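Fold and contact review
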Amino acid sequence: MAGLAGQSRTGKTLLVKLFAKWFHGREDAMVRIDGGEFLDKHYISRVIGAPPSYIGYKDPKDTKEPLKPEDVDQSAMLSQHNLNRSKLGSDNDVVFLLLDEFEKFPQEIISLLLKGLDDGEATLANNTKINLRNVVIFFTANLGMRELSNRIFGFNRSSDSREEIVDAVQGAYKQFTTPEFRNRVDEIIVYESLGEDDLLKIVGVETRRLNKFITETKTLPLFRSQRHEGGGQEDS
């Protein structure tokens, strides 16, 4: 398990998408849970399933409507079906689990993950088991960024900015997590705020992606027929 910590909009989630694309050919080849959604008290049951006799509970033994491999299991986002679905069509037996805004996750989810990291499997609230032996877990967090918001806003590149960011993240991380949790984290990667040079490079990358998209779109039959109906001439 690895943590990606630092200021928002610095590419933490993008890194996990690139890993997914590298292994499985698709940026969305992952199971992603958004910590901000836990403001809805019912969201936790959507993640780990509803217990028996509760609204939303799905009996795992009920096979009246079996799920197809490409279907989403609505009973629990962390179900084994959804973990397997995330790598559907890939030869690599690796599942990526992204926990966004980890500081907003309830303790119930964290405890379940700790047990899963110990035993290699975990039991969801709906009494179904999931295999975590082939799951790579990333979590993103903005821990410590509120304290530094006034110092690193904009294009700050002071000589001590990196040290300040790392100290702030590590301090907040230790306050938020338990030693039991930290002992199971392989690495915490701290992201610095983006500088002007970084933003220019990002603009260059996105511009090339847009040019490629436009070039590929022009080859589509629908696009060609629309140009023909308009007189057969392209705009200059």
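So, how was this worked out
- Starting from 1, residues in each chain are numbered consecutively following that chain's sequence as written.
- Totals for whole chains, interfaces and linings use every residue, but because this is a predicted model, local features are given only for residues with pLDDT of at least 70 and side-chain atom pairs only at 80 or more, for both listing and counting.
- Calculated side-chain values reflect all of the structure's heavy atoms, with hydrogen atoms and water omitted.
- Each helix is a run of H or I in the DSSP string that is no shorter than four residues. Each strand is a run of E no shorter than two, and both are numbered from the N terminus.
- Exposure is judged per residue with a 1.4 Å probe applied to protein chains only, and the accessible area is read against the type maximum: over 50% gives exposed, under 20% gives buried, and values in between give partly exposed.
- Contact criterion: two residues are considered in contact whenever any of their non-hydrogen atoms come within 4.5 Å of each other.
- Using the Shrake-Rupley algorithm and a 1.4 Å probe, accessible areas are obtained, with residue cover drawn only from the displayed protein chains.
- A pairing counts as a salt bridge when a side-chain nitrogen of Lys or Arg comes within 4 Å of a carboxyl oxygen of Asp or Glu.
- Only protein atoms enter the 1 Å grid used here, on which a cavity is any set of points holding a 1.4 Å probe that cannot leave and a pocket is any open set flanked by protein within 12 Å on both sides along at least five of seven lines; residues with an atom within 4 Å of a point are listed as lining.
- Grid points are joined across faces, edges and corners, and a volume is the space filled by probe spheres set on the points.
- By the convention adopted, Pro, Cys, Tyr, Trp, Phe, Met, Ile, Leu, Val and Ala count as nonpolar, Lys, Arg, Asp and Glu as charged, and the other residues, Gly among them, as polar.
- Criterion used throughout: strands pair if DSSP finds at least two bridges between them.
- Angles here are taken between N-to-C directions and fall from 0 to 180 degrees, while the axes themselves are lines fitted to C-alpha atoms, restricted in helices to the stretch in contact.
- Any N or O atom pair separated by 3.5 Å or less is treated as a polar contact, with the protein-specific requirement of one donor-capable and one acceptor-capable atom, and with residues adjacent in sequence counted only for side-chain atom pairs.
- Residues belong to a common nonpolar core when they are buried Ala, Val, Leu, Ile, Met, Phe, Trp, Tyr or Cys residues joined through side-chain atoms within 4.5 Å.

Topic: the overall build of the protein chain
If you tally the helices and strands in the protein chain, you get nine helices and seven strands. Taken over 236 residues, the protein chain has a buried fraction of 35%. Considering only contacts within the protein chain whose residues lie at least 6 apart along the sequence, 69% involve residues at least 24 apart. When the accessible area of the protein chain is evaluated, it comes to approximately 15000 Å², of which 51% is carbon and sulfur surface.

Here we look at the pattern of salt bridges
Per the stated rule, a full pass over the model turns up eight salt bridges. Across the salt bridge formed by Arg-26 and Asp-28, the nearest N and O atoms sit 2.8 Å from each other.

A few points about the layout of surface pockets
Taken as a whole, the largest pocket spans an internal volume of roughly 570 Å³. Arg-9, Gly-11, Lys-12, Thr-13 and Leu-14 are, among the 24 residues lining the largest pocket, the residues nearest its centre. If you list the elements that add at least two residues to the lining of the largest pocket, you get helix 1 (12-24), strand 2 (31-34), strand 6 (135-141) and helix 8 (196-217). Looking at the lining of the largest pocket, its residues break down into six nonpolar, six polar and 12 charged. In this structure, the second largest pocket is lined by 15 residues; those nearest its centre are Asp-28, Met-30, Val-31, Arg-85 and Ser-86. Those elements that place two or more of their residues in the lining of the second largest pocket are strand 2 and helix 3 (80-85). Class assignment of the residues belonging to the lining of the second largest pocket gives a composition of six nonpolar, two polar and seven charged.

Brief notes about the sheet that holds strand 6
Judged by pairing direction, the sheet is parallel, and its five strands sit side by side in the order 2-3-6-1-7 without closing on themselves. Pairing within the sheet leaves two strands with one partner each, and these edge strands are strand 2 and strand 7 (187-191). For this sheet, the mean angle separating the axes of adjacent strands, direction not counted, is 15°. The sheet contact formed by strand 1 (residues 2-6) and strand 7 spans five bridges and is parallel. What sits directly across from Gly-6, in strand 7, is Tyr-191. The strands touched by helix 1 within the sheet are strand 1, strand 2, strand 3 (95-100), strand 6 and strand 7, with strand 3 carrying the most contacts at an inclination of about 170°.

Some details on the side chain of Ser-75
Here Ser-75 shows up in the loop between helix 2 (43-48) and helix 3. In this structure the side chain of Ser-75 is engaged in a polar contact, spanning 2.7 Å, whose partner is the side chain of Asp-73. Non-local contacts of Ser-75, meaning those with residues more than four positions away in its chain, are made with Ser-45, Arg-46, Gly-49, Ala-50, Lys-58 and Asn-126.

As for the nonpolar core
Ranked by internal contacts, the top residues of the largest apolar core, which has 35 residues, are Ile-33, Val-47, Leu-97, Leu-99 and Phe-181. Looking at this core, the elements that each hand over two or more residues are strand 2, helix 2, strand 3, helix 4 (107-119), strand 6 and helix 6 (161-176). The leading source of residues in this core is helix 4, at five residues. Leaving out residues up to four positions away in the same chain, Leu-99 has contacts with Ile-33, Phe-105, Leu-113, Ile-137, Phe-138, Phe-139 and Thr-140. In terms of nonpolar packing, the next biggest core, distinct from the first, is built from 11 residues, Ala-2, Leu-4, Ala-20 and Ala-29 among them.

A short note on the side chain of Asn-82
By the element assignment, Asn-82 lies in helix 3. Here Ala-76 takes part through its backbone oxygen, which lies 3.0 Å from a polar atom of the side chain of Asn-82. What Asn-82 contacts, discounting residues up to four positions off in sequence, is Val-31, Asp-71, Val-72, Asp-73, Ala-76 and Met-77.

In short, geometric facts, not functional conclusions.
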